[in-house]
Amino acid sequence: MITNRETGTRMDEVEAGIYRISTPLDVIPGGFTFNSYLIADDEPVLFHAGYRKLFPTTVEAIGKVMPVEKLRWIGGSHFESDEFGALNEILKAAPGATPFASEVGVLTSINDFASRPARALKDSEEFSIGSRRMKWLYTPHVPHGWDCGILFDQSSKTLFCGDLFTQPGADMPPVTESEVLTASEGMRGMMDYYAHATSTSAILERLAGLNASMLACQHGSAYRGDSAALLRELATVIETGNSKLSAPTPAASA
Ligand SMILES: [Fe+2]
Ligand SMILES: [Fe+2]
């Protein structure tokens, strides 16, 4: 469903009760999508506040599913503008909402940036939002950011994987069952958004072990399929394929 014709923002239910709100922006040749995911439940979660300038369209889309003031949690994978830029505007619109991020993210950024104190999630911490049980996995530097973490909905086996498997392009289907590694490797060739930390493979293997049925990517399509195989393939490519990449160029953050 297109929720704003001017910006091209669309919202699609990619899994029961999980809505992908996606806006294309012309930040790289061919365009690029910025996604937030709304997880409907007793305590609704917005995973990624999105850019501050996208606040009106993000809130407009949320309003198609529920009143924005019902939001209970607003979180993000790591602290960059596309993850947290609109946080304070949304906190203002949703007085009962609490921000959340990794402990490092809260310590280094969120508790200074946010207008209200944030919840700092420990690695492996679980919390219920009603019918769903969420789990937080701390994934430092994967794909980038000391503070990086990933949210897993254990009930639907949806992995809100942030910038992992970032795919370029403005007109991306909400969900794809075709592998997204080739596209995300193309993106990595264009601008290498990985930190290449020593723990990357171990973290990707840990994520593979979750056997998620959906990868809810922040940029590009959500992927439905064998996420474990795709994560393991990514680990192999990162370990062995760096020489194939062109030199990174400075550009908009992923
Ligand atoms: Fe990022
Ligand atoms: Fe991002």
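(A) Summary view of the environment of G31. As for its placement among the helices and strands, G31 is situated in the loop between β3 (18–25) and β4 (32–39). Given a relative accessible area of 4%, G31 falls into the buried group. In contact with G31, not counting residues within four places along its chain, are L25, D26, P168, G169 and A170.

(B) Spotlight on the environment of T7. One can find T7 in the loop between β1 (2–4) and β2 (9–15). On the accessibility criterion, T7 (28% relative accessible area) is partly exposed. Separated by 16 residues in sequence, T7 and T23 place their C-alpha atoms 6.8 Å apart. Ignoring any residue separated from it by four or fewer positions in sequence, one finds T7 in contact with T23, P24 and T57.

(C) Seen up close, the coordination of the iron ion (ligand 2). Coordination of the iron ion (ligand 2) by the protein involves D82 (OD), E83 (OE), D163 (OD), Q218 (OE1) and H219 (NE2), with metal-donor separations of 2.1 to 2.4 Å. As a motif over one chain, the donors of the iron ion (ligand 2) read D-E-x79-D-x54-Q-H. A gap of 3.7 Å separates the iron ion (ligand 2) and the iron ion (ligand 1), which D163 links by coordinating each metal. With E83 in helix α2 (residues 81–84) and D163 in the loop between β12 (158–162) and β13 (175–176), the pair connects residues that are 80 residues apart, well separated along the chain. Of the two residues examined, E83 and D163, each falls in the buried class.

(D) Fine view of the sheet that holds strand β5 (residues 45–47). Reading across from one edge, β1-β2-β3-β4-β5-β6-β7-β8 is the order of the eight strands in this open sheet, with mixed pairing throughout. Edge positions in the open sheet fall to β1 and β8 (119–121), since each of these has one partner strand only. Averaged over neighbouring strand pairs, the angle between their axes works out to 25° when direction is ignored. Bridging between strand β6 (residues 73–75) and strand β7 (residues 98–102) involves three bridges; their strand directions are parallel. Paired with I74 across the strands is P99, a residue of β7. Strands in contact with helix α4 (residues 103–113) are β7 and β8; relative to β7, the strand with the most contacts, it is inclined by about 115°.

(E) Quick look at the sheet that holds β12. The strand order β9-β10-β11-β12-β14-β15-β13 describes an open sheet built from seven strands, whose pairing is mixed. Each having just a single partner strand, β9 (126–128) and β13 make up the two edges of the open sheet. Sheet topology places strand β10 (residues 133–138) next to strand β11 (residues 149–153); five bridges connect them, and they run antiparallel. By the bridge assignment, M134 is partnered in β11 with D153.

(F) View of unusual backbone geometry. Put simply, V142 and P143 share a cis peptide bond, and its omega is 0°. For P143, the location among the structural elements is in the loop between β10 and β11. For S124, which is not glycine, the phi dihedral falls at a positive 75°. Turning to its location among the elements, S124 is positioned in the loop between β8 and β9.

What counts, and at which threshold
Residues numbered from 1 in each chain as written. Chains lettered and ligands numbered in written order. Predicted model: local features only at pLDDT ≥ 70, side-chain atom pairs only at ≥ 80, totals over all residues. Heavy atoms only, no water. Helix = DSSP H or I, 4+ residues; strand = E, 2+ residues; numbered from the N terminus. Buried < 20%, exposed > 50% of the residue type's maximum accessible area, 1.4 Å probe, protein only. Contact = heavy atoms within 4.5 Å. Donors = N, O, S within 2.8 Å, 3.2 Å for Na, K, Ca; no water. Pairing = 2+ DSSP bridges. Axes fitted to C-alpha atoms, helices over the stretch in contact; angles between N-to-C directions.

Scope: geometric values only; no functional claims are made or implied.
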